Amino acid sequence: LEGHTDYVRCGAVGGSTADASLWVTGGYDHTVRLWDAPRSNRCRSVLTHQDPVQAVLVHPSSTLIFAAAGSSVVVWDALMPGRTVHTLSNHHKHITSLAIHAPSARLLSGALDHLVKMYDLSSFAVSHSIKYSAPVLSVALSGDSRCLAVGMADGMLAVRKRQKQVAEGVEQAATKARMVTGSYRYFMRGAATKSAQRDFAVKRPHRRKLALHDRQLKAFHYADALDSVLKSSQRDLVAAMLRDLVLRGGLQMALASRDEAALMPLLHYLRRHIMFPAHQALLVHIFNALLDMYGEVLASSGAALELLQHIKKAVTTELAALQAMSSLKGSLQLLLAASANAAPEPER
């Protein structure tokens with residue numbers, strides 16, 4: 001068979017015409033040629049395309065001819081060679097292979113864009129699309145259309161097998177028995193399983209409950225939280241609560257709206273611990289805030305005045321001790337300086 005002006009790339013045999021079989025060839029000369037073989041070597045028709053023809057296929061039960069040229073598949077009718085039935089332009093790169101399954105009226109095309117597309121020949125629409133890891137060079141279907149073989153440019157052969165269809169009742173039972181993520185059965189799985197003797201049982205850690213003052217502090221009930229720790233009479237716990245209230249900016253809220261009876265526990269605490277070195281700066285700040293807010297209330301209460309006198313006496317005693325220690329420090333510094341500057345005795 002002679003007639004192509006460039007390399008012949010593909011060929012196909014098939015058809016259902018009344019005058020014997022149909023031989024089709026496609027070449028790099030942008031043509032598809034229909035031959036009268038095997039009766040003669042005469043070219044019956046020439047179908048011209050815009051790109052080199054990479055693959056041709058003849059429908060086994062009709063007169064349709066499929067030619068892959070460039071990124072399109074052109075559908076011809078052998079009875080009317082000059083007429084284009086349809087053009088499928090769904091790939092982005094050159095199409096390299098074609099396959100067909102006549103019973104289901106499906107056409108497959110593989111291309112260099114890593115895709116295999118399946119077309120419904122009744123509407124020429126894409127019904128499925130499969131993405132592969134490399135450019136597709138060849139596509140083939142098994143006789144029962146259950147296996148799809150795809151050869152790729154990286155040397156890999158991918159085979160996909162379609163599962164058999166199951167009965168509707170069996171499928172519904174399998175779906176019902178399947179555990180769905182996020183459902184009640186999914187979260188309760190294994191709850192009724194009993195451990196064996198050799199199994200190692202992990203004990204659930206005991207959840208530590210928050211103390212009353214911590215729950216009140218978490219709920220922003222600052223006054224109730226302060227009253228709770230004052231009842232405990234724990235020096236460091238009360239100091240920690242007062243420091244937390246200062247950092248949260250809730251000291252004013254904790255001290256607000258108090259009468260004489262509500263102020264007495266805090267005054268007793270200040271009288272006992274205001275001179276403690278670790279909390280001295282904090283308690284002095286609390287004492288000043290208390291005087292600013294309730295100076296008139298404290299001045300009209302005899303019990304409060306007595307506590308204030310005790311605090312004043314403690315502060316005065318502390319100041320006197322600090323002054324004495326400051327004077328002693330100065331004297332020690334003079335003695336140390338004088339001993340450092342004294343001339344050493346001559347050696348004998």
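Because the structure is predicted, anything quoted here is derived from the model rather than measured. (Residues numbered from 1 in each chain as written. Predicted model: local features only at pLDDT ≥ 70, side-chain atom pairs only at ≥ 80, totals over all residues. Heavy atoms only, no water.)

Engineer: Honestly, the pairing of strand 6 (residues 64–69) in this entry has me stumped. Any pointers?
Structural biologist: It is a general feature of regular strands that their side chains alternate between the two faces of the sheet. Of all 6 residues making up strand 6, 6 are buried, and the element is well covered by its neighbours. Neither face of strand 6 is open: one carries Leu64, Phe66 and Ala68, the other Ile65, Ala67 and Ala69, and all of them are buried. Direction of pairing for strand 5 (residues 53–58) relative to strand 6: antiparallel, over a ladder of 5 bridges. Bridged to Val58 within strand 6 is Ile65. Hairpin remark: strand 5 followed by strand 6, antiparallel, with 5 residues in the connecting loop. Where strand 6 lies against strand 7 (residues 72–77), 6 bridges are found, and the strand directions are antiparallel. (Buried < 20%, exposed > 50% of the residue type's maximum accessible area, 1.4 Å probe, protein only. Helix = DSSP H or I, 4+ residues; strand = E, 2+ residues; numbered from the N terminus. Pairing = 2+ DSSP bridges.)

Engineer: Would you take a moment to explain the packing of aromatic side chains for this structure?
Structural biologist: For any pair of aromatic rings, the description consists of the separation of the ring centres together with the inter-plane angle of the planes. For the structure on display, the rule yields 2 aromatic pairs. Ring plane angle 85° and centroid distance 5.5 Å describe the contact between Tyr186 and Phe187, whose orientation is recorded as edge-to-face. Exposure remark for Tyr186: the relative accessible area of 25% places this residue in the partly exposed category. Note on Phe220 and Tyr222: the rings are 6.2 Å apart at their centroids and 75° apart in plane angle, and the pair reads as edge-to-face. Over the face of the ring belonging to Phe276 we find Arg235, whose NZ or CZ atom lies 3.8 Å from the ring centre. (Phe/Tyr/Trp six-rings, centres within 6.5 Å; stacked < 30°, edge-to-face > 60°. Lys NZ or Arg CZ within 6 Å of the ring centre and 35° of its normal.)

Engineer: Whenever I open this one, a nonpolar patch on the surface confuses me. Can you help?
Structural biologist: Taken together, Val315, Leu319, Leu322 and Met325 make up a surface patch of nonpolar side chains, about 350 Å² in accessible area. Assessed through its relative accessible area of 30%, Val315 is described here as partly exposed. (Patch = residues over 30% accessible without salt bridge, like charges linked within 9 Å, V, L, I, M, F, W, Y side chains within 5 Å. Areas by Shrake-Rupley, 256 points an atom, 1.4 Å probe, with all protein chains shown as cover. Salt bridge = Lys/Arg side-chain N within 4 Å of Asp/Glu carboxyl O.)

Engineer: Could you clarify how one ought to interpret the nonpolar core in this entry?
Structural biologist: Generally speaking, a soluble globular protein has its nonpolar side chains buried in company with each other. Leu226, Leu242, Leu267 and Leu290 are the most contacted members of the largest nonpolar core, which totals 33 residues. When residues in this core are grouped by element, the largest group, 8 residues, is from helix 8 (residues 280–299). Ignoring any residue separated from it by four or fewer positions in sequence, one finds Leu242 in contact with Leu226, Tyr269, Leu282, Leu283 and Ile286. (Core = buried A, V, L, I, M, F, W, Y, C linked by side-chain atoms within 4.5 Å. Contact = heavy atoms within 4.5 Å.)

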